[in-house]
Amino acid sequence: MAAVTAGSGAGSGPAGSPEATGGSTGSGGWRRPHGPLQRYYGPSTAEAAEAAPDPTDINGPHFDPEVFMTKVRNECPLGQLLAREAALGREIRALDSDMQTLLYENYNKFISATDTIRKMKVDFRHMEAEMDDLAANMAAISASSARVSAALQDRHRRGAQLAGVQALLRKLQALVEVPGRLRCWAGTEPARALRCHARARAVLRHYRHLPSFRAIEDESHAIMADLARRLRTRLREEKLDPKELTECVEMLLQLEEPAEELSEEFLSQAGARLEAELAALEAELPAADPSGAATTPPPPASDILDFVDRGSSAFVGTLCQLAGSYRALFGEDTGRLEPFAAALATRYFELLERRLALERGLGDTSLLVRALDRFHRRLRTLLELLPAGANAAAALVARAARERVDRYLRALQTFFLGCLGDVRQALAAPRPPGKEGPGLPDLLATLAASVLGQLKAVLAYVQLFTARDVAFASLPYFKGEFCVTAVREGLVVAFVRWLCRTARGFADGPAERGAPAAPPALLLLLARLCLDYENSTISYILTLTDEQFPPLDSGPAVTPGPALCAEARAAAQRLLDHYVQVQGAAVAQMLRKSVETRDWLGTVEPRNVRAVMKRVVEDITAIDVQVGQLFEEGVRRAQSSDSSRRAFSVYSSSRAPGRYAPSYTPSAPMDTHLLSNIQKLFSERIDIFSPVEFNKVSVLTGIIKISLKTLLECVRLRTLGRFGLQQVQVDGHYLQLYLWRFASDERVVQGLLDEVAASAAHRCLDPVPMEHSVVELICERG
Amino acid sequence: MEDDAPVIYGLEFQARALTPQTAETDAIRFLVGTQSLRYDNQIHIIDFDDENNIINKNVLLHQVGEIWHISTSPADKGVLATCYNKTSDTKVMTCAAVWRMPKELESGSHESPDDSSSNTQTLELLCHLDNTAHGNMACVMWEPMGDGKKIISLADNNILLWDLEESSAKAVLSSSAALEGKGQLKFTSGRWSPHHNCTQIATANDTTVRGWDIRSMRQIYCIENAHGQLVRDLDFNPNKQYYLASCGDDCKVKFWDTRNVTEPVKTLEEHSHWVWNVRYNHSHDQLILTGSSDSRVILSNMVSISSEPFGHMVDDDELSDQEDQHQEE
């Protein structure tokens, strides 16, 4: 192609063309001429088609020297012609030398090729002669072979005939031998005898019209009948293992014994065997005690896993095997098998149930779960046979799980009661003087933490029932109902409810009759516990449960958390109210006794605050400390800075004169009463035993209200002398001084004490109140 | 209930004692005894005319002292007994006496034309119940359904059975019993059972309710800790044997079957302070009235434990409506 370019571009310079050609091949110098040569001998057709015939192309196939010469002569100047001529001369020389080189290179090869061809011509001629020889030999061989076979044909036919007769004779011999063999094998190897008989039977039956065959047949029949009889006896009498049993029945079937009868026999034999298995299992159980569990049965000899293992491998295995054999033997018609298996399986379930009932203790749940798992797995094979058993088995497992959960609930309850017992003991324990026992907050924290911990532990145990690797966990019951009904409702919710109920029980129950009442501190502690449950613990527990046992959307309705919280709150409220009442009653009792036993008429002029009032203040202070340990402070109504002083002075100076003045005329009492009644109407009504809020101030207010109302009612039942009134005045002031700070609204204290004073004045024969300054002096002196 | 306006009657003094006129079967009549330390005390005879919805009253002077308890004879409309405080300078003694009211007041309704203060009449003293040896009288009970000849009084820790002789002019102590025990025991109240031929009474002391047979003067049952705190009052169901209501400082009203005293038959917790009194309605025993120092009187309808538990009453509605009556004591 480079040459074409050179040719067409002759004007650009004739000297360039060979250079360009060399450049385009780009290889060693000695190869240079190959390009043009190759093109000369066989230019590619594609190239030829592409390039239009160009007679001026010196390298092209259509080169026309005349045209070229004319063209060159016409177009080129002389100098260029000379140069071209020189170039062409050079080129021609180079081509000649190349041709010579090629010739030399290939000369030897031509020579040897010529030699070889010549040699071949000679060899072929020799071979042809040998081939002719061979053909002649072959023809001779085939002719003689035909001769031999023709000679042997007759012999061969006779031989074959003889062999056939011999085979027949051998068969006959075998048939004749059949009874003997049968007799020989019937005793020891009945299976072999059967095979033998089976083989012979068809023939015998076919040729039974021949007397000799019939004799054989009869004899073998007799033997086989005998065998059948023996087999049946064996079937009936001996204890066969399932394999033997199957074999035995199989043989009998082959003997064409009636299948109906055999299947019955088979089942009864199998039944006996399975019964034995069950009996072995039952032997491990303590005898059923119809009179009730008067004595706790001794702990079972083996653990539940072992029991289930044995039950599964022995009973279930045998049952499966027998059922499989039955199907193989009597076909798919299981009308008889199913009730049989169902009855046995039911008994097995019963046994297992009884065994499970023995698992009274909490024991090892993982063991139980594994046992149930194994039971369930093993049973699955059986269930293919006995679909009806599936429900029973699932129900059994579910019952066992449920039972276990119930036990856990009871254990939790026991645990909680134990904790409560500990708390009570800690509360009641005598404390060495100067040394504080564990504080209420500590006790509460311990109680709450241990109960919660126990609950978590129980949840973890119960979770074993729904573990992924446990087969029965995939039952719909364990996915849905178990999580919701058994665990969430039956365990967690029931426990929280029970806890609330138990706590409430301390407030509702035996406080009055019989059993010793719970110490107030315990009431307070439980109130706080219930309140904590309402605030956080319940939601925490429920969240935890729902995480571990995710409920199904379509599952049965669950108790919502708020309902539980409300219960807990109600319990807390009830407990706290009861605490207030108990503490209030204790203080009130003290006050009542002190008022009732004193001679108010003949008493001397007061010099001191009565000791009981100091005691009251001390007790209430102690209660304040106790409540403060567990409950927040709460809010008070705003107070004036000097409240105590102002409050009481109202009563003793500004209001009192109107009451006690001797202007007590026959028409007057109505007026004063009216006045006080109207005042009462407008002051806030005080509910004495009203519910309190969950804070210290409210609790203390409740207790103080109860105490002071008692004081009021008791004073009203007495008749007082002048000094009696004054003593009440002193006591009242003292209480006012020390109690207002505990109450949420000092006006409550003040109002009640005012009523006490007014009632005392009313019940006084000689109502002359003490100077307020003196009252203050006495109170300050303490 | 009809929409009658409430009928209000004001007393001059505070009062704690109130009783129906037991012997009166037709009219609705109550006796109220007042308490005043400084003025003459009075017994108000209050006659409620439910047809005209008005009240008639008469006032009798009771000059010996303030009245803590009052009861009327079941046989004689004019006879009543009071427990009253006799106050000296250094001592208060509660005594009991049987009185007769003036003849014309027996059947009430004679509204004196003038103001009551101008012509107050005085009770005629029939006899004192001599308690010098026994202590303060807490209450006097008449034999229910009797002829008005037998009364029992509770004095501190003694039960005293008196026979009234010579048309009540003389009280003879016929038998007595004392409650023994540690501490200072004191009866707070008692009731005479209308059942069993009137041979039983019930008493309350502290938190305990006791039953006594008055023929032998022996205790026949004892309800320990009937209430958490002091028992204030008792009443027998008039139509149902063995049934007893009690009330007390624990704000509760309890109903007992005296044959089984371990548990109350029922407990009411309606009041918010001490319950001072409890009374059955005499004919409709499902109706219970209780009074409390929470300033409430509550009427409860307890059909389930009444003598007609299946409700022959026309009024099946909840009868227990709370009347917020202010009760000044």
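The residue count restarts for each chain, going from 1 along the sequence in the order it is written. Chain labels run from A onward and ligand labels from 1 onward, assigned in the order the entries are written. Confidence filtering applies because this is a predicted model: local features only for residues at pLDDT of at least 70, side-chain atom pairs given and counted only at 80 or more, and all residues used for totals across whole chains, interfaces and linings. Processing note: side-chain calculations cover all non-hydrogen atoms of the structure and skip hydrogens and water entirely.

The name an unreviewed UniProt entry assigns to chain B is EIPR1-like beta-propeller domain-containing protein, from the organism Zosterops borbonicus. As recorded by UniProt, the Sequence similarities (unreviewed entry) comment attached to chain B reads in full: "Belongs to the WD repeat EIPR1 family." UniProt positions are given in the numbering used here, feature names are shortened, and annotations may be inferred rather than shown by experiment.

Chain A has the name Vacuolar protein sorting-associated protein 51 homolog in an unreviewed UniProt entry, where Zosterops borbonicus is given as its organism. The Function (unreviewed entry) comment attached to chain A in UniProt states, word for word, "Involved in retrograde transport from early and late endosomes to the late Golgi. The GARP complex is required for the maintenance of protein retrieval from endosomes to the TGN, acid hydrolase sorting, lysosome function, endosomal cholesterol traffic and autophagy. Acts as component of the EARP complex that is involved in endocytic recycling."

Trainee: Can you explain the nonpolar core? Please cite residues and give values.
Mentor: Nonpolar cores were defined as sets of buried Ala, Val, Leu, Ile, Met, Phe, Trp, Tyr and Cys residues, with membership established by side-chain atoms within 4.5 Å. Whether a residue is buried, partly exposed or exposed follows from its accessible area with a 1.4 Å probe, protein chains only, as a fraction of its type maximum: under 20%, in between, or over 50%, in that order. Grouped together as the largest cluster of nonpolar side chains are 183 residues, with contacts concentrated most on A:Phe375, A:Phe416 and A:Phe482. The leading source of residues in this core is helix H16 (residues 476-508) of chain A, at 17 residues. Delimitation of the domains relies on an automatic or database domain assignment. Counting only domains with at least three residues in this core, you end up with domain 2 (406-429 + 437-597) and domain 3 (600-781) of chain A. If we ignore the near neighbours within four places in the chain, the residues touching A:Phe416 are A:Leu447, A:Val451, A:Phe495, A:Trp498, A:Leu499, A:Leu526 and A:Leu529. Counting residues in hydrophobic clusters, the runner-up holds 17 residues, among them B:Ala81, B:Leu126, B:Ala155 and B:Ala171. What counts as a helix is a DSSP run of H or I of at least four residues, what counts as a strand is a run of E of at least two, and both are numbered from the N terminus. Residue contacts follow a heavy-atom distance rule, with two residues in contact if any of their heavy atoms lie within 4.5 Å.

Trainee: Pulling in residues and values, what's your account of the pairing of strand S3 (residues 41-49) of chain B?
Mentor: Residues and elements named next belong to chain B. When you tally the buried positions in S3, you get seven out of nine residues, the bulk of the element. In the sheet, strand S2 (residues 28-35) pairs with S3 via six bridges, with the strands oriented antiparallel. For Ile28, the partnering residue across the bridge sits in S3 and is Phe48. What makes two strands pair is DSSP finding at least two bridges between them. Adjacent in sequence and paired antiparallel, S2 and S3 are bridged by five residues. Relative to strand S4 (residues 54-62), S3 runs antiparallel, the two being bridged by nine bridges. When the bridges of S4 are listed, Asp49 appears paired with Ile54. What sits between S3 and S4 in their antiparallel hairpin is a turn of four residues, with Asn53 showing a positive phi close to 55 degrees.

Trainee: Just give me the short version of the pairing of strand S17 (residues 218-223) of chain B, but keep the residues and values in it.
Mentor: Of the strand pairs in this sheet, strand S16 (residues 208-213) of chain B and S17(B) are connected by five bridges, and their pairing is antiparallel. Along S17(B), the bridge assignment pairs B:Val209 with B:Ile223.

Trainee: Go over the pattern of salt bridges, please, and point to the residues and values.
Mentor: Residues and elements named next belong to chain A. The term salt bridge refers to a side-chain nitrogen of Lys or Arg lying within 4 Å of a carboxyl oxygen of Asp or Glu. Applying the stated criterion across every chain yields a total of 28 salt bridges over all chains. Two residues, Arg407 and Glu403, come together in a salt bridge whose shortest N-O distance is 2.9 Å. Here Glu403 and Arg407 lie together in helix H14 (residues 388-428), a separation of four residues that amounts to about one turn. When its relative accessible area of 33% is taken as the criterion, Glu403 is described as partly exposed.

Trainee: Summarise the confidence of the model for chain B; cite the residues concerned and give the values.
Mentor: Residues and elements named next belong to chain B. pLDDT expresses how confident the predictor is about each individual residue, on a scale running from 0 to 100. For chain B, per-residue confidence averages 82 on the pLDDT scale, and 88% of positions sit at 70 or higher. Below a pLDDT of 50 lies the segment residues 112-118, which in the model reaches four contacts outside its immediate sequence neighbourhood of four places, other chains included. Scored below 50 in pLDDT, residues 314-329 makes 35 contacts in the model with residues more than four places away or belonging to other chains. Reported confidence for the predicted complex is 0.84 by ipTM and 0.66 by pTM.

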